[in-house]
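# Structural overview for review
One letter stands for each residue in the lines below.
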Amino acid sequence: MNAQDERIARNEALFREVNERIAESAQRFESHEAEFVCECADQESTERMEVTVDEYERARADGAHFLLRPGHVDSRVERVVEHRGGRFAIVEKFNTAIARMVRKLDPRTESA
Ligand SMILES: [Zn+2]
């Protein structure tokens, strides 16, 4: 895999870790929604989205799915699988090198 793909995968995995902590505390306080961070590859992106815990869990069901601000989708590496108006989009990595790496970095898989 090339360096750019690797950077994309690592960035998104990092933002996913941040969101896992946010989801944990939302569940601890029994709140139904939380402000999650955009999981796009742009390190400068610090945008947040109001997402329900259920919606977040749906995104996390697949290790190659990520939660993004609608305007941050990079159509070169991912396709939208679910759209929630202007609030957020769930995308799937179709770039196989990136998908393989983000699945490996998924904290929810046994092999991670
Ligand atoms: Zn973003």
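For the structure, see preceding data.
What comes next is a walk through the structure. (Residues numbered from 1 in each chain as written. Predicted model: local features only at pLDDT ≥ 70, side-chain atom pairs only at ≥ 80, totals over all residues. Heavy atoms only, no water.)

## Brief notes about the overall build of the protein chain
The helix and strand inventory of the protein chain stands at 3 helices and 5 strands. Mapped from its N terminus to its C terminus, the protein chain presents α and β elements in the order α-β-β-α-β-β-β-α. Relative to a compact globule of 112 residues, whose C-alpha radius of gyration would be 13 Å, the protein chain shows 13 Å and is just as compact. Taken along the three principal axes of its C-alpha coordinates, the protein chain extends 40 × 35 × 25 Å. The buried share of the protein chain, taken over its 112 residues, is 46%. Across the protein chain, contacts joining residues at least 24 apart in sequence account for 49% of those joining residues at least 6 apart. Taken together, the 18 basic and 24 acidic charged side chains of the protein chain have centroids lying 3 Å from each other. (Helix = DSSP H or I, 4+ residues; strand = E, 2+ residues; numbered from the N terminus. Rg over C-alpha atoms; globule rule 2.2 N^0.38 Å. Buried < 20%, exposed > 50% of the residue type's maximum accessible area, 1.4 Å probe, protein only. Contact = heavy atoms within 4.5 Å. Lys, Arg positive; Asp, Glu negative; His and termini not counted. Charge placed at Lys NZ, Arg CZ, Asp CG, Glu CD.)

## Observations concerning the sheet that holds strand β3 (residues 65-68)
Strands sit in the order β3-β5-β4 across an open sheet of 3 strands; the sheet is antiparallel. At either margin of the open sheet sits one strand with a lone partner, and together these are β3 and β4 (78-84). Strand-to-strand twist of the sheet, defined as the mean angle between neighbouring strand axes without regard to direction, takes the value 30°. Where β4 meets strand β5 (residues 88-93), 6 bridges bridge the pair, whose relative direction is antiparallel. The partner of Glu-82 across the bridge, within β5, is Ile-90. (Pairing = 2+ DSSP bridges. Axes fitted to C-alpha atoms, helices over the stretch in contact; angles between N-to-C directions.)

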